[in-house]
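Breakdown of the fold
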Amino acid sequence: MIKLDKSLPIKVIARKILDVKINDSNLAYKKIVDLAQQYYERYKEISIGDIADIQNARKFFRAIGIDPTKRRPSSEALLRRAMKQKDLYHINNLVDVANWCSLEFLLPICVYDADKIIGDTLIKIGSKEDKYLAINNREICWDNKFVICDEKGAYGSPITDSIRTSVTKETKNTMLIIFAPEDYSEDKLHSQMTLFEERVNTYCR
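A brief look at the structure comes next. (Residues numbered from 1 in each chain as written. Predicted model: local features only at pLDDT ≥ 70, side-chain atom pairs only at ≥ 80, totals over all residues. Heavy atoms only, no water.)

All right, on to the nonpolar core then. Core analysis: the largest hydrophobic core is formed by 41 residues, its most contacted members being Tyr39, Leu79, Leu103, Leu176, Ile178, Phe196 and Val200. Elements represented by at least two residues in this core include exactly β2 (10-17), α1 (27-43), α3 (74-83), α4 (93-105), β3 (109-113), β9 (174-181) and α5 (186-203). Ranked by residue count, the leading element in this core is α4, at eight residues. Ignoring any residue separated from it by four or fewer positions in sequence, one finds Leu176 in contact with Ile13, Ala14, Arg15, Ile17, Leu94, Cys110, Val111, Met193, Phe196, Glu197 and Val200. If you look at the next biggest cluster of nonpolar residues, it comprises 17 residues, including Leu8, Ile10, Ile148 and Ile177. (Core = buried A, V, L, I, M, F, W, Y, C linked by side-chain atoms within 4.5 Å. Buried < 20%, exposed > 50% of the residue type's maximum accessible area, 1.4 Å probe, protein only. Helix = DSSP H or I, 4+ residues; strand = E, 2+ residues; numbered from the N terminus. Contact = heavy atoms within 4.5 Å.)

Glancing now at the side chain of Asp161. Here Asp161 lies in the loop between β8 (153-156) and β9. The buried charged residue Asp161 lacks any salt bridge partner; its closest oppositely charged side chain belongs to Arg164, at an N-O distance of 11 Å. One polar contact links the side chain of Asp161 to the main-chain amide nitrogen of Ser157, over a distance of 3.1 Å. Setting aside residues up to four positions removed in sequence, Asp161 forms contacts with Cys110, Tyr112, Tyr132, Ala134, Ile135, Tyr155 and Gly156. (Lys, Arg positive; Asp, Glu negative; His and termini not counted. Salt bridge = Lys/Arg side-chain N within 4 Å of Asp/Glu carboxyl O. Polar contact = N/O pair within 3.5 Å; in protein donor to acceptor, adjacent residues only side chain to side chain.)

Let's shift gears to unusual backbone geometry. One non-glycine residue with positive phi stands out, namely Gln85, at about 55°. Within the element layout of this structure, Gln85 appears in the loop between α3 and α4. The exposure class assigned to Gln85 is partly exposed, which follows from its relative accessible area of 46%. The phi angle at Asn137 is positive, at roughly 65°, despite the residue not being glycine.

Attention now moves to the sheet that holds β8. Taken together, four strands build an open sheet; the order of strands is β1-β4-β7-β8 and the sheet is mixed. Across the chains shown, the open sheet's two edge strands, defined by having one partner strand only, are β1 (2-4) and β8. Ignoring strand direction, the axes of neighbouring strands in this sheet form an average angle of 35°. The pairing of strand β7 (residues 146-150) with β8 spans three bridges and is classified as antiparallel. Bridge pairing links Cys149 to Ala154 in β8. (Pairing = 2+ DSSP bridges. Axes fitted to C-alpha atoms, helices over the stretch in contact; angles between N-to-C directions.)

Turning to the pattern of salt bridges, a few remarks are in order. Once the charged atoms of two side chains with opposite charge are near each other, the side chains can pair. Within the structure shown, the criterion is met by 13 salt bridges. In this structure, Glu76 and Arg72 form a salt bridge, with 3.1 Å as the shortest nitrogen-oxygen distance. Judged by relative accessible area, Glu76 falls into the buried class, the value being 0%. In this structure, Lys124 and Asp130 form a salt bridge, with 3.1 Å as the shortest nitrogen-oxygen distance. Taken individually, Lys124 and Asp130 each receive the classification buried, so the pair is uniform in this respect. Each of Arg58, Arg72, Glu76 and Arg80 takes part in salt bridges that share partners, so that together they form one network.

Take a look at the structure:
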């Protein structure tokens, strides 16, 4: 179960998917590459800020206290690489699906190993006790910062996730999360999560 601190002016949607298979297949990665090329061909004559829906992730970041001009949302970082025709990252099939959806929806997305999440999840503004070793091998303290916690402590963020709950080749069950600003369409968010689920079921079985 996921609980959201009511003081946060954002929307969050999450789903748990069982029996996934994590591998090095590049089928979903090819979809990201194709989408990146479509963005480039469609928007190469305009600025990033004028691309439809780019402001949604920026509004979400501002709502959680992050200046998106200093720290780009992951979705915008992917888009900027696409518009500069830089290579995108291939991690594994599940992370590739998440990046594909993030680039398409232009919203921050997180994926976790659901079996490593202990009890209920609370999304909140953190305290000095909320810290973890991130996937970049740096310990991060989330005091007064947006963070995702379980009964064991902090485990995730749309900035960088923890090693503790990260997806590996041994992951069997996954938690998918999409973040959006408070004024984002509820119907659209649910439709996007349904598409996200469908893609995981197609590319991670």
